[in-house]
Amino acid sequence: MCSPMEAALLRLEEIFSTTFIQTIHSILQPLVLADPEPSDPCGKECLRLLQQLHENARRLWEVTEQSLLSLRQRSCCQRSTGLEAVLLLSNTDRVLQAYVEYTKSYTDCVAVQAFQKVSKKRSQRKALWQRSSGISEGLEGTTLCKDLYQPFVHHVQQYMRLLLSLRDTLDENHPAQKLVMCAVTLFRNLEYFMKQALGQAVATQALWHSLSSRLRDVLCTPTRRLLQDSQDIPVVVTSLQAERVLLFDDALVLLQDHSVHTFDLKLVWVDPGQDKCVLHILTPEEEFSFVASNPKGQIAWQRKMTQAVSQALCGKKDFPVLGSDQEPSMPPECRCVAYTFHREGRLYQATYEGEWRQAKPHGKGTLKWPDGRNHVGDFCQGLEHGFGICLVPQASEDKFDCYKCHWREGRMCDYGICEYGTDQVYKGYFQAGLRHGFGILDSAPQAPQTFRYTGHWERGQRSGYGIEEDRDRGERYIGMWQADQRHGPGVVVTQAGDCYQGTFQGDKMAGPGILLCEDDSLYEGTFTRELTLLGKGKVTFSNGFTLDGSFSSGTDKGLYTQGVLDMAALPPNPSSTRKRQLGLGAFPVESRWQGVYSPFRDFVRLGCPGELQEALLGFHVQSSRELRKSQEYLCDERSDPKDCVGSMEDILKELLQHREPKALQQYLGKALSNSQHPLGKLLHTLMLTFQATYSGIGANKHLQEMAQEEVKQHARELWAAYRGLLKVALRHQGQSLEEENTETRNLQVHGLLLPLILPSFYSELFTLYLLLHEREDGLYSRGITNLSLLPDTKLLEFLDVQEHLWPLKDLKLTSNQRYSLVRDKCFLSATECLQKIITTVHPQEKLETLEKTYREIEATMKRVLGPEYKLPMDDLLPLLVYVVSRARIQHLGAEIHLIRDMMDPIHTGGLHDFLLTTLESCYEHIQKEDMRLHRLPSHWGPRELW
């Protein structure tokens, strides 16, 4: 047996299920079926509302039946099941949801007078008369309202009464006590919700009656509810004209004559002013204020609007609803909403979807225009700010300009990568939306004129020091620019090996200049725009002849000259003519690449902020040609510095842990090899400038010294960059960095940093040394070839090596061999050691290899003459010549000169310097004419050579 309270609840559910639910079904189903396809829009809307109400009534019936089932099971098996099995207590939220949904559907019908409209139609009126003949004509709609709602309200009230009684019958320790208390609270809230929902629906219905049909058509929707009307609590709107203010649950509406201003509540920010009667309203395109007649009016509007905005952002009304004793929850400052701009201006007709703050795009979002333009990225106070990707469609189909850049206050600033619809690609810096600073512009591969510009920009134009490679003409210009034209000192290098140097103005050479030809001929004079000889000039040929006169081009593109040819001049010094160097005085090495160094210095000056690391130091992508595929891909594909080397804070901390010489060398090597580390990024950019200047067409022997001093300058700048990072790291720890003197700095640059960065530039740099010393290396190679014909003993004798120094113990003969026939056996270990000189890059490593070679020669002598023997330096030269001739090192002259130019000055005057000088003497000896095969002593017959 169940308790009296439970029995009453069971009877209540049975009555509700068999009377009210069935009554609803009998009313709504005929109305829905009476006119299943109305032709007018109003009829279609009413039918939809009735169908929704009928569907929610059916769900309410299902929940009631399940509640009945749980109660009946409880009455039959009271001992085995507790109150927890009753659906009303075990699943109160589900029961409650059914009642809430029915209430919403019903009040939707009330707000737009759907019942009254339906009752006016003949087919629906007939269905109502068939149901009940007692309905007076003209009151069908009112009768429907009562039949569909009053029993429903009464049933909820009965629920509350029985639940309160059940609560009073249970003691505090009963297992179901908490469930009953929860159900009481929820159904009390339901009562208030139903009362509030019906009140809002009736007030909204009255509002629609008070408006003109035009305004009603614009504003009226079944789900919209009026929350506040300025006719009830007056406010004056400042900065905008409005006769009436209407606050709905989804929009704020200002009415002025026949105009309507509607503001989506999701994008409305309410800010109470210092004046207690003023309420500031912020929206994406308007800012205005409400001025109430008294503080109470301001508080009432603020409360209502705060609640309405919060509910609009949640997408539903609060449940439990706000009572008179509850404060509304404050809506979040940051919101994520889509909005289309309608006011004329930069954002006209653009749709922004993303994060907002104070009625302005702020955070991450997407901005799209109807013409296909769109921007994805970071925003601040309504403007593009931070990293972003912008696509701008071109006239031709499927062509876009893609800007993957950093932005500041709506304009491109700092580092970016841009691909244009013309297939040109720019990687570099911007300022105020224009190319500014260092950047690289590449033409499309299939363009009529292919080119690459690497250098500095100013306000969108090439300006300052820059390199342009014209691949079609096979030319490279190295020099100064102004207003997108060659202007100032410059050098032009051609694929044929010719070099021009002079002063350019208006994109052409102006005034005197020089031309260095591949055969070392020199022209000094004036040129045409196409760099052909024109006017007065002087040619100095490689044999010393000079031609002084005037030059011009004929119609058949030949060269005409009139002047004096002097064949009596002495031949010039071959070494001086071959080693003429260009660009040294014209482009001071300290000022060439300031656009690369400056962003790094700015980064350090600002304290190395992690959020500016990409903007100032640049970012890299795996394949720039993938940039315009999709913006989602672009954001994912962009390298994140944190994935590679950690945060900037971690980098600075690691710096402090590697200050000892050995640890510092390892750390710098690792940092410079990582293109995502600040130092690695800087080195990577410097490599690009070096390749742009000296590789390919630019590989010209007359630029060797210019390249050499550039590498040394990069080492100095990179060391200064490391010191800058270290200074910031120490400052974060409350410490300061000690100043270093010039001598200490030079030691670190040449001894520590230069060996680390030289491999990055070695290929291009060594190529220039090869070209510069090609002729001497050719003579050396012929000498090596001739000397290689001699057996070991003959070669040692020819080199005047004293016979007691010959390492004959190393020559192991077979039965049919003689000492005079053995080759490549003497000083074998020293020869193999010297051959390793070409496997190293840095001069210091090469010098160490040379020293090991010397030690191997000395060790060989000690095997021959005893461990106490000391090799005199006078005997070293012929022995080393022998080793060099047997090592057969190609391009030894280029190797020697690179070592001499790039070696650490600390070795000057020491053992390494002496050994290098000795190697230079060996190189010169091998080139001499008297060492060729045909000048060998006549007493050596051909058989003895072999």
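Above: the structure in question.
Residues numbered from 1 in each chain as written. Predicted model: local features only at pLDDT ≥ 70, side-chain atom pairs only at ≥ 80, totals over all residues. Heavy atoms only, no water.

**With respect to the pairing of strand S11 (residues 360-368)**
Where strand S10 (residues 351-357) and S11 come together, 6 bridges link them in antiparallel fashion. Within S11, the position partnered with Arg-357 by the bridge is Lys-360. Hairpin connection, S10 to S11: the antiparallel pair is bridged by 2 residues, and Gln-358 has positive phi, about 55°. Direction of pairing for S11 relative to strand S12 (residues 374-380): antiparallel, over a ladder of 6 bridges. The residue bridging Gly-365 from the neighbouring strand is Gly-377, located in S12. (Pairing = 2+ DSSP bridges. Helix = DSSP H or I, 4+ residues; strand = E, 2+ residues; numbered from the N terminus.)

**Some details on the packing of helix H19 (residues 704-732) against helix H20 (residues 742-772)**
Helix-helix packing is characterised by the crossing angle of the two axes and by the distance between the axes. In the contact formed by H19 and H20, the axes pass within 8 Å of each other and the chain directions differ by 150°. As the angle between them shows, H19 and H20 are arranged roughly antiparallel. Judged by the twist between their axes, the crossing of H19 over H20 is right-handed. Here the residues of the contact of H19 with H20 are counted per class, giving 16 nonpolar, 4 polar and 2 charged. (Axes fitted to C-alpha atoms, helices over the stretch in contact; angles between N-to-C directions. Parallel < 35°, antiparallel > 145°, perpendicular 65-115°, else oblique. Left-handed = near helix turned anticlockwise from the far one by under 90°. Nonpolar A, V, L, I, M, F, W, Y, C, P; charged D, E, K, R; others polar.)

**A few points about the pattern of salt bridges**
Enumeration over the complete set of coordinates arrives at 35 salt bridges. Residue Arg-855 pairs with Glu-851 through a salt bridge whose shortest N-O separation is 3.5 Å. Here Arg-855 and its partner Glu-851 are both found in helix H24 (residues 843-865), 4 residues apart, which amounts to about one turn of the helix. It is possible to trace a salt-bridge network through shared partners that takes in Glu-55, Arg-58, Arg-59 and Glu-62. (Salt bridge = Lys/Arg side-chain N within 4 Å of Asp/Glu carboxyl O.)

**Here's the deal with the sheet that holds strand S8 (residues 287-292)**
Reading across the sheet, the 4 strands line up as S2-S8-S7-S6 and stay open at both edges, with antiparallel pairing between neighbours. Only two strands of the sheet have a single neighbouring strand rather than two, namely strand S2 (235-238) and strand S6 (269-272). In this sheet, neighbouring strand axes are inclined to one another by 25° on average, regardless of whether the strands run parallel or antiparallel. Pairing analysis gives 5 bridges linking strand S7 (residues 278-282) to S8, with the strands arranged antiparallel. In the strand pairing of S8, Leu-282 is matched with Glu-287.

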